Amino acid sequence: MTEITNLKQNKRVFVFIDASNIMYGCTRAGWKMDFEKLMRYLKTRYGADRVLYYAGLDSGNKKQLLFYELLQRFGYELRLVPVKTFIDGSRKGDVDARVAFEGMKYYNEYDKAVFLAGDGDYFWLFEYLLETGKIVRLLGHAKNTARELKQLFSHAFLPLENIRHHVELKK
């Protein structure tokens, strides 16, 4: 039996995506994610029931708003937080706390969780999920994923570079 068949036997699979870790990692690596292909990949490979996408929201950015509408059409459930502007002019839509919170909030609703993230701030969440018997997989950029996460997920870490041919946006 394939992993997908095993997973779908009355098991619910949730995917949690920290958009900034994934999008900026792709940009730094010189490629762009095709989110329609990514959705297909997550449903086919992992049998995803829900795909939650966490990102910052700049309500004045029309291009971003159109992108989010497109993601919803693909089936992503958006979890948006307002972008903060700091004194130095830098901007950030910090979603880490919400990803961790909802990872626990939905704990009893999923049997397997797939996280697309790389931030070491998630260590305690991931460690707890693994200790309590949840099946958890981590996908992230090899260079941008915290070392402690790669160690924790030594058996279940998939570098996004390994699936680039499945999920890359072709120009």
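Quick note: structure is the one above.
Quantities reported herein were computed from a predicted structural model and do not represent experimental measurements.

Chemist: Teacher, can you tell me more about the pairing of strand 6 (residues 112-116) here?
Modeler: Consecutive side chains of a regular strand alternate in pointing toward one face of the sheet and then the other. Within strand 6, five of the five residues are buried, which leaves the element mostly enclosed by the surrounding structure. Side chains of strand 6 alternate between two faces, with K112, V114 and L116 and A113 and F115 buried alike. In the sheet, strand 1 (residues 13-18) pairs with strand 6 via five bridges, with the strands oriented parallel. The residue of strand 6 that forms the bridge with I17 is L116. For the crossover from strand 6 across helix 6 (residues 123-131) to strand 7 (residues 135-140), the handedness is right-handed.

Chemist: Hey, could you run me through the layout of surface pockets in this one?
Modeler: In this approach the atoms are scanned with a rolling probe the size of a water molecule, which exposes any empty space left behind. Taken as a whole, the largest pocket holds about 1000 Å³ of empty space. If you trace the largest pocket, you find 38 residues lining it, with M23, Y24, Y53, Q64 and F67 closest to the centre. Those elements giving two or more residues to the lining of the largest pocket turn out to be helix 2 (19-29), helix 3 (35-46), strand 2 (50-57), helix 4 (62-74) and strand 5 (91-92). Looking at the lining of the largest pocket element by element, the count peaks at eight residues for helix 4.

Chemist: What am I meant to see in the pairing of strand 1 here?
Modeler: Across the six residues of strand 1, six count as buried, placing the element largely inside the fold. In strand 1, alternate side chains face the same way, and those of V13, V15 and I17 on one face and F14, F16 and D18 on the other are all buried. Relative to strand 2, strand 1 is paired through five bridges, and the arrangement is parallel. Across the sheet, residue F16 finds its bridge partner in strand 2, namely L52.

Chemist: Sorry, what's going on with the packing of helix 5 (residues 96-105) against helix 6 here?
Modeler: Two quantities define a packed helix pair, namely the angle between the helix axes and the distance between the axes. Packing of helix 5 against helix 6 brings their axes to within 10 Å, and their N-to-C directions diverge by 15 degrees. Between helix 5 and helix 6, the angle falls in the class roughly parallel. The element helix 5 and its partner helix 6 pack so that their crossing is left-handed. On helix 6, the residues touching V99, A100, G103 and M104 of helix 5 are L125, Y128 and L129. A breakdown of the residues in the contact of helix 5 with helix 6 according to their chemical character gives six nonpolar, one polar and no charged.

Chemist: Would you mind going over the packing of aromatic side chains with me for this structure?
Modeler: Think of a pair of aromatic rings as described by two things: how far the centres are apart, and how the planes are tilted against each other in angle. Applying the stated criterion across every chain, the model contains 19 aromatic pairs. Arranged with centres 5.9 Å apart and planes meeting at 45 degrees, the rings of F67 and Y68 form a pair that is tilted. Ring centres of Y107 and Y128 lie 6.1 Å apart, and the angle between their planes is 45 degrees; on these two criteria the pair is classed as tilted. With a gap of 21 residues between them, Y107 in the loop between helix 5 and strand 6 and Y128 in helix 6 connect regions that are remote in the sequence. A residue is classified by how much of its surface remains accessible, and Y107, at 17% relative accessible area, is buried. Here a set of aromatic residues connected by ring pairs shows up, and it is made of F14, F16, Y54, Y106, Y107, Y110, F115, Y122, F126, Y128 and F153. Above the ring of Y107, the side-chain terminus of K134 is found at 4.3 Å from the ring centroid.

Each value, and the rule that gives it
- Residues numbered from 1 in each chain as written.
- Predicted model: local features only at pLDDT ≥ 70, side-chain atom pairs only at ≥ 80, totals over all residues.
- Heavy atoms only, no water.
- Buried < 20%, exposed > 50% of the residue type's maximum accessible area, 1.4 Å probe, protein only.
- Helix = DSSP H or I, 4+ residues; strand = E, 2+ residues; numbered from the N terminus.
- Pairing = 2+ DSSP bridges.
- Right-handed = clockwise from strand over helix to strand, strands pointing away.
- 1 Å grid on protein atoms, 1.4 Å probe; cavity = no way out; pocket = protein on both sides within 12 Å on 5 of 7 lines; lining within 4 Å.
- Points joined across faces, edges and corners; volume = space filled by probe spheres on them.
- Axes fitted to C-alpha atoms, helices over the stretch in contact; angles between N-to-C directions.
- Parallel < 35°, antiparallel > 145°, perpendicular 65-115°, else oblique.
- Left-handed = near helix turned anticlockwise from the far one by under 90°.
- Contact = heavy atoms within 4.5 Å.
- Nonpolar A, V, L, I, M, F, W, Y, C, P; charged D, E, K, R; others polar.
- Phe/Tyr/Trp six-rings, centres within 6.5 Å; stacked < 30°, edge-to-face > 60°.
- Lys NZ or Arg CZ within 6 Å of the ring centre and 35° of its normal.

Keep in mind that these numbers describe shape and distance, not what the molecule does.
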